[in-house]
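Fold and geometry: a report
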Amino acid sequence: MNFFLHTLYTWLVSILLLVIGLTGYTFLSSALYGQAGWFAPDLFSTLFFVMVAGSPSFLIAWALLFCIITSGFSPSEKFFLWIIAAVASIVMNLILLLLAFADETLNLDSLLYFWPAYLAAIVTIAFRIKQFFFLIHKTINDGNL
């Protein structure tokens, strides 16, 4: 598996996990206030918005993964750096989006508002730890590297 596919699969699973988590949170919070219902249109619109808005994060993470894999760090350090790089790519994307589209000033509270995206990325990377170490320790070039 090459860097692009690993980043793509991690990004897609992270987005799916984020949308399911946000939908579950919306469903549970509305159920507590007696307004329970099915949110299928919200699920698809949220999925589309997150995929479009998160595309720069994918490209940034892909570039950072290439730098991490080709570096001389140990495998465990590379894994830790991959977690940091994934969260950093989300933060960089948010900064770009907030500077381009928001009228408010950029502050720490606006970045902390997106903590579910950071959590989804970290959980997804933790789920895909085996694939990450396969990517690092690949010694035979079978055309996919």
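All of the points below concern the structure found in this document.

Criteria and thresholds
- Residues numbered from 1 in each chain as written.
- Predicted model: local features only at pLDDT ≥ 70, side-chain atom pairs only at ≥ 80, totals over all residues.
- Heavy atoms only, no water.
- Helix = DSSP H or I, 4+ residues; strand = E, 2+ residues; numbered from the N terminus.
- Expected span 1.5 Å × (residues − 1).
- Buried < 20%, exposed > 50% of the residue type's maximum accessible area, 1.4 Å probe, protein only.
- Arc of directions from axis to C-beta.
- Contact = heavy atoms within 4.5 Å.
- Phe/Tyr/Trp six-rings, centres within 6.5 Å; stacked < 30°, edge-to-face > 60°.

Considering helix H6 (residues 115-127)
- In a regular helix each residue adds 1.5 Å, so 13 residues correspond to 18 Å; H6 covers 18 Å between its end C-alpha atoms and thus fits that length.
- Residues Ala-117, Tyr-118, Ala-120, Ala-121, Thr-124 and Ile-125 constitute the buried set of H6. Burial along H6 is one-sided: seen end-on, the buried residues are contained in an arc of 160°. For H6, the exposed residues lying more than 90 degrees away from the buried face are Trp-115 and Phe-127.
- On its buried side, H6 packs onto helix H1 (3-32), helix H4 (75-101), helix H5 (108-112) and helix H7 (129-136).

Topic: the packing of aromatic side chains
- Scanning the entire structure with this criterion turns up eight aromatic pairs.
- Geometrically, the ring pair formed by Phe-4 and Phe-58 is edge-to-face, given 5.4 Å between the ring centres and 70° between the ring planes. Of the two residues, Phe-4 sits in helix H1 while Phe-58 sits in helix H3 (residues 55-69), which places them 54 residues apart along the sequence.
- A relative accessible area of 9% places Phe-58 in the buried class.
- Where Phe-4 meets Trp-62, the ring centres are 4.9 Å apart and the plane angle is 70°; that geometry is what we call edge-to-face. Taken as a pair, Phe-4 in helix H1 and Trp-62 in helix H3 lie far apart in primary sequence, 58 residues in all.
- These aromatic residues form a ring-pair network of at least three members: Phe-4, Trp-11, Phe-58 and Trp-62.

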